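# Report on the structure
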Amino acid sequence: MKAALVPLDHTGPIIPLIKPVNVVGRHPSCDVHIDNDSLSRRHAVLVLTDGLVVVRDLITTNGTRVNSQRVKWAALMPNDKITFGTARYRLDLAPDTENIPDRVVAESGFKSMTELFGNPDSPVPGPIDQPQPLSHESEYDAGLGDDSQNTELGGWRPILE
């Protein structure tokens, strides 16, 4: 997933979010450096994971807002407006267009959706085989076990001999 912060109030550059964890702030060492006095040195964290972007305010004076509502943390949707102090941005999200090489997929053990769940166009498979009962279940089924060991709350206790 590609993510970027697009400035709303000024003509600053579009800020791509490259790392999985991006620290936002006015300090030059921050991953997302925004030179604005309303931001704390380390203002917020933007986390990219599994097609989702989460923002977490780092307990700042001027706060972080998503769609004009102050948040401690929030999951962001495409085109959400996020404000750090007084600096306003829009979140741009897009899928990655790069293909993952087959070698990387094979080494990682990833499986495709078709491998995991089957072809969506194929007919629904028939019923699966019933699992074999456990040994204590077979005793009850054969009438050999004492069923009075069940508790009132529905729990099962082993037969004491």
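Worth saying up front: this structure is predicted, and the values here are computed from it rather than measured.

### Things to note about the overall build of the chain
Broken down by element type, the chain carries three helices and eleven strands. Looking at the chain as a whole, 24% of its 161 residues are labelled buried. Contacts spanning at least 24 positions in sequence make up 34% of the contacts within the chain whose residues lie at least 6 apart. Split by element, the accessible area of the chain, about 12,000 Å² in all, is 54% carbon and sulfur.

### Things to note about the nonpolar core
Ranked by internal contacts, the top residues of the largest apolar core, which has 22 residues, are Leu 5, Ile 34, Leu 46, Val 55, Ile 82 and Phe 84. Not counting residues up to four positions away in its chain, the partners in contact with Leu 46 are Leu 5, Leu 17, Pro 20, Val 21, Asn 22, Val 24, Val 53, Val 54, Val 55, Leu 76, Ile 82 and Phe 84.

### A short note on the packing of aromatic side chains
Applying the stated criterion across every chain, the model contains one aromatic pair. Between Phe 84 and Tyr 89 the ring centres are 6.3 Å apart and the planes differ by 55°, which places this aromatic pair in the tilted class. Of the residues examined, Tyr 89 reaches a relative accessible area of 3% and is grouped as buried.

### Examining the sheet that holds strand 7 (residues 64-66)
Pairing within the open sheet is antiparallel, and its six strands lie in the order 2-1-11-10-7-8. The strands lining the two open edges of the sheet, one partner per strand, are strand 2 (15-17) and strand 8 (69-71). Across the sheet, the axes of successive neighbouring strands diverge by a mean angle of 30°, strand direction being ignored. Relative to strand 10 (residues 81-84), strand 7 runs antiparallel, the two sharing three bridges.

### Observations concerning the pattern of salt bridges
Within this structure, the stated rule accounts for three salt bridges. In this structure, Asp 9 and Arg 88 form a salt bridge, with 3.1 Å as the shortest nitrogen-oxygen distance. Of the two residues, Asp 9 is situated in the loop between strand 1 (2-7) and strand 2 and Arg 88 in strand 11 (residues 87-94); the sequence distance between them amounts to 79 residues. Owing to a relative accessible area of 47%, Asp 9 belongs among the partly exposed residues under this scheme.

### What to know about the layout of surface pockets
Estimated volume of the largest pocket: approximately 160 Å³. Elements with a minimum of two residues in the lining of the largest pocket: strand 1, strand 2 and strand 5 (44-49). A class-by-class count of the residues in the lining of the largest pocket yields seven nonpolar, two polar and three charged.

### Examining the confidence of the model for the chain
The predicted model of the chain averages 75 in pLDDT, with 58% of residues at 70 or higher. Ignoring residues within four places in sequence, the model shows residues 149-155, a span with pLDDT below 50, making six contacts including any to other chains.

### Section: the sheet that holds strand 3 (residues 21-25)
Here five strands make up an open sheet; going across it, the order is 4-3-5-6-9 and the pairing mixed. For this open sheet the edge positions go to strand 4 (32-33) and strand 9 (73-76), each flanked by a neighbour on one side alone. Of the strand pairs in this sheet, strand 3 and strand 4 are connected by two bridges, and their pairing is parallel. Of the residues in strand 4, the one forming a bridge with Gly 25 is His 33.

### Quick word on the side chain of Thr 60
Inspection of the secondary structure assignment puts Thr 60 in the loop between strand 6 (52-57) and strand 7. By relative accessible area, Thr 60 is classed as buried at 8%. Polar side-chain contacts of Thr 60 include one of 3.0 Å to the backbone nitrogen of Gly 63. Apart from residues lying up to four places away in sequence, Thr 60 is in contact with Ser 40, Arg 42, His 43 and Arg 70.

Cut-offs applied
- Residues numbered from 1 in each chain as written.
- Predicted model: local features only at pLDDT ≥ 70, side-chain atom pairs only at ≥ 80, totals over all residues.
- Heavy atoms only, no water.
- Helix = DSSP H or I, 4+ residues; strand = E, 2+ residues; numbered from the N terminus.
- Buried < 20%, exposed > 50% of the residue type's maximum accessible area, 1.4 Å probe, protein only.
- Contact = heavy atoms within 4.5 Å.
- Areas by Shrake-Rupley, 256 points an atom, 1.4 Å probe, with all protein chains shown as cover.
- Core = buried A, V, L, I, M, F, W, Y, C linked by side-chain atoms within 4.5 Å.
- Phe/Tyr/Trp six-rings, centres within 6.5 Å; stacked < 30°, edge-to-face > 60°.
- Pairing = 2+ DSSP bridges.
- Axes fitted to C-alpha atoms, helices over the stretch in contact; angles between N-to-C directions.
- Salt bridge = Lys/Arg side-chain N within 4 Å of Asp/Glu carboxyl O.
- 1 Å grid on protein atoms, 1.4 Å probe; cavity = no way out; pocket = protein on both sides within 12 Å on 5 of 7 lines; lining within 4 Å.
- Points joined across faces, edges and corners; volume = space filled by probe spheres on them.
- Nonpolar A, V, L, I, M, F, W, Y, C, P; charged D, E, K, R; others polar.
- pLDDT = per-residue confidence, 0-100.
- Polar contact = N/O pair within 3.5 Å; in protein donor to acceptor, adjacent residues only side chain to side chain.

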